[in-house]
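# Commentary on secondary and tertiary structure
Each chain, letter by letter, is given below.
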Amino acid sequence: MPGKQRVVDHIVECLAATGVDYIFGVDGANIEDLYDAAYFRSDITAVLAKHEFSAATMADGYSRSGPRLGVVAATSGGGALNLVPGLGESLTSRVPVLALVGQPATTMDGRGSFQDTSGRNGSLDAVALFSAVSVFCHRVRKPADIFTALPAALAAARTGGPAVLLLPKDIQQSTVSINGYAAYGREPQRAIGDPHPIARALRQVTGPITIIAGEQVARDDARSELEWLRAILRARVACVPDAKDVAGTPGLGSSSTLGLTGVMGHPGVAEAVAKSALCLVVGTRLSVTARTGLDDALAAARVVSIGSAPPYLPCTHVHTEDLRASLRMLTAALSGRGRPTGVRVPDAVVHTELTPPAFDGPGVRYRDAMASLDAVLPDGVDVVVDAGNTGAAAIHHLPVRRAGRFLVALGMGGMGYSFGAGIGMAFGRAKGRSPGRRVVVVAGDGAFFMHGMEVHTAVQYRLPITFVLFNNNAHAMCVTREQLFYGDRYSYNRFAPSRLGAGLAAMFPGLPSVDVRDADGLAAAMHTALDIDGPSVVSVECAADEIPPFAAFLSAPSTRHAVNQESPTTKENRADVAASA
C-alpha cells in the first residue's frame, strides 16, 4: 500500500533491508533525525563513537570483517570534516563504506548559516571536498531524489570504496510517498575478467611460479580460490603487507607461504621472485610499500596480473571486479588436460627476516613482545595493527591466527586507525558467524594519544577487545628518522612519560588495565586479558631508540638474515595436490 514516511526513515529501512546492522557515528544537530529513525528499528543499531575519524574507521573495519557494508554518519561542519582522513583510507584501500553526512537546511544555502558547506556564495563546497575521497558523492536537493541517490550510492560503494550522501536537515525531515521502491538489496553486476590469457602463459612455464597476493583477495573473500590455484600451480605465495591473512604466514597456512613483500617484508620473497619463471600478481597494484626490494626481481621476471586495477609496473593484466569467479575460472582452465606440466618448486622454502641492529636498552624488545603474543593468542583471534614502529614489528613478526583476520591500514597510514577499526570488526563478528570472537588491537602510545579514547566505546558496549599498547613515550618512527637522517641532534618526537595501563584503569572503573615491563609479564598479562568478559588493556613498556624491522631504516648487507626454518615442499611437487585452506 502506498504511504508516507520521512526521508531518514526511508534511508534506515532500506539500509536494514540490505543487511546493514550498525550505523557508526557521532550525533549532532544536522544528523540527529537519522539517529531518531534508527531508534525506532530493532534490526539496526546506531553506535556512538567519540570522534568522527574513529567512526569512519569503525565502518571500515566492520566492512573488512565480512560481507556487510559499513555505514558512518556525521553531522555538518567540523564533524563532517573529521570524516575525511577515515574515508581517505577506505578510498585508497578500496573498502566499501557508505557515509551519511548531515548539512544545514537548503533554505540557508549561501546565506551565512552555521557550518554552511553548500558551495554557494563563497562557502566551503562539501561536494568538491568529499568527491576527492570517495567513489561517489551526491548532495540530495529534493526529498524524492533519495529514491535514486541511495541505490546509486550503495551500488558505487560495493564496487570498492566510500560513497557519500550529503543530507540537508530539511530534506531529512521531509516526507516522501512510498510506492514499492525495493531495489536496494540487489548486488551490482560486476565485471568478470576472462583469465585465459593468463592460463596460456602459465601453461608455457618451465620452472617455479611465485604468486603475490593482495588486498582484493581479502575484499572479495577469495582465499579458498587462491589456495586452489596455488595447489594446481605448486606455487609459492607471498602477501602484500595489508593482505597478510590471505594465504597464511611462515609456520601457518600453506607450506609454500613465503611471507610478506615490501618495506616490512621478508627478504626471501625477492629471492623467490628472482628465481621464478613467472610471477602471478593477484588482486594488488603493488604500491611502493608493497613493492620495495622487488623492483629488480620483477623487472627480470615475466609478470602477469589479475585484479580490479593493474599494478604499478609493466605486465600483462586481466581486469576483474570479481576475483572469486575469475580465480575459479582460471583454476578450471588449468585443471585436467589444461594442467601446466612444467611448473616446479624447490624441495624447501627458506623463511627470512629483517634483522635490525641489536638494542639492549630498557623495556621489551619488539621481537620478544611479538613472540610472547604469538605464544598466547589462540586460533580465531582477529588482529588489528596500527602504524609506526610497533606496527612494523607486528606486521613482520606476528603470524596470523588460523581462522582469524590480520588487519592493517596502509592506504593512508593514519595513526589511531586501529582503535575504531578493531571496534568495527568486533561489532561485525557479533553479527556474523563468530559471536564473542576476540579482537586484539596492537598500537603504540602515539596512536593511542590520537584516537585511543575509543577504548571508552569498547567499554560502553562491552566488546571482546584486548588493546595491547606499546608505550615508548614517543612517536618512535619519527625518533628513528631523527636519529638516522638528521644526526640525532634534536628530537621533537619524545613525550613526557606516561603509564597508560594505570591511567586507563583509573579513568574507567572495572576495566582490566595493567602496565608490564618485561616479556614474561606480557605473557602473563595477556593470558588474563584474553579471558576477560569484555574489553581489557595491556600496556607494554618499550624503547623509542630500538630500530624496527623496516627496510628503509636498515642497510641491505646487514639486514638479510636467513632464519634456520625450512618448510618442505615435497607435497607441492606431486602430480596431484589437494587444496588445503
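For the chain, the name recorded in an unreviewed UniProt entry is acetolactate synthase, with Mycobacterium noviomagense as its organism. UniProt lists a comment for the chain under the heading Catalytic activity (unreviewed entry), and it reads "2 pyruvate + H(+) = (2S)-2-acetolactate + CO2".

Looking now at the packing of aromatic side chains. In the structure shown here, the tally under the stated rule is 14 aromatic pairs. Between Tyr 22 and Phe 427, the ring centres sit 4.7 Å apart and the planes meet at 55°, which makes this aromatic pair tilted. Note that Tyr 22 is positioned in strand 2 (residues 22-25) and Phe 427 in helix 18 (residues 417-431), a separation of 405 residues in sequence. For the pair Tyr 22 and Phe 427, one class covers both residues: buried. On the basis of an interplanar angle of 50° and a centroid distance of 4.9 Å, the ring pair of Phe 550 and Phe 553 is categorised as tilted.

Turning next to helix 17 (residues 389-397). Three or four residues apart is the spacing at which side chains of an α-helix point the same way, because the helix has 3.6 residues per turn. Of all nine residues in helix 17, nine are buried; the element is thus mostly enclosed. Asn 389, Thr 390, Gly 391, Ala 392, Ala 393, Ala 394, Ile 395, His 396 and His 397 are the residues of helix 17 that are buried.

So, on to the UniProt feature "transmembrane region" (unreviewed entry) in the chain. Mapped onto the present numbering, the UniProt feature "transmembrane region" (unreviewed entry) falls at residues 406-428. Here residues 406-428 runs as 52% helix and 13% strand, with 14 Å between its end C-alpha atoms.

The next subject is a nonpolar patch on the surface. Taken together, the side chains of Leu 484, Phe 485, Tyr 486, Tyr 490 and Tyr 492 present a nonpolar region at the surface, about 580 Å² in accessible area. Following the sequence through the fold, Leu 484 ends up in helix 21 (residues 476-485). Residue classification places Leu 484 among the partly exposed positions, given a relative accessible area of 38%.

With that settled, consider the UniProt feature "domain: Thiamine pyrophosphate enzyme N-terminal TPP-binding" (unreviewed entry) in the chain. Per the UniProt record, the feature "domain: Thiamine pyrophosphate enzyme N-terminal TPP-binding" (unreviewed entry) sits at residues 6-116. With 41% helix and 19% strand, residues 6-116 has its two end C-alpha atoms placed 23 Å apart.

Taken as a whole, the second largest pocket spans an internal volume of roughly 420 Å³. Listing elements by their share of the lining of the second largest pocket, those giving two or more residues are helix 10 (215-219) and helix 13 (288-291). For the lining of the second largest pocket, the element with the highest residue contribution is helix 10, accounting for three residues. By residue class, the composition of the lining of the second largest pocket is seven nonpolar, ten polar and five charged. Taken together, domain 1 (3-178) and domain 2 (195-338) each give at least three residues to the lining of the second largest pocket, which thus spans both.

We now examine the sheet that holds strand 16 (residues 382-385). Here we have six strands laid out as an open sheet, ordered 17-16-18-19-21-20, and parallel in their pairing. Looking at the sheet topology across the chains shown, the edges are occupied by strand 17 (406-408) and strand 20 (513-516). The mean angle between the axes of side-by-side strands here comes to 15°, regardless of whether they run parallel or antiparallel. In the sheet, strand 16 pairs with strand 18 (residues 439-444) via four bridges, with the strands oriented parallel. In the strand pairing of strand 18, Val 384 is matched with Val 441.

Quick notes on the rules
Residues numbered from 1 in each chain as written. Predicted model: local features only at pLDDT ≥ 70, side-chain atom pairs only at ≥ 80, totals over all residues. Heavy atoms only, no water. UniProt positions renumbered as here; feature names shortened; annotations may be inferred. Phe/Tyr/Trp six-rings, centres within 6.5 Å; stacked < 30°, edge-to-face > 60°. Helix = DSSP H or I, 4+ residues; strand = E, 2+ residues; numbered from the N terminus. Buried < 20%, exposed > 50% of the residue type's maximum accessible area, 1.4 Å probe, protein only. Patch = residues over 30% accessible without salt bridge, like charges linked within 9 Å, V, L, I, M, F, W, Y side chains within 5 Å. Areas by Shrake-Rupley, 256 points an atom, 1.4 Å probe, with all protein chains shown as cover. Salt bridge = Lys/Arg side-chain N within 4 Å of Asp/Glu carboxyl O. 1 Å grid on protein atoms, 1.4 Å probe; cavity = no way out; pocket = protein on both sides within 12 Å on 5 of 7 lines; lining within 4 Å. Points joined across faces, edges and corners; volume = space filled by probe spheres on them. Nonpolar A, V, L, I, M, F, W, Y, C, P; charged D, E, K, R; others polar. Domains from an automatic or database assignment. Pairing = 2+ DSSP bridges. Axes fitted to C-alpha atoms, helices over the stretch in contact; angles between N-to-C directions.

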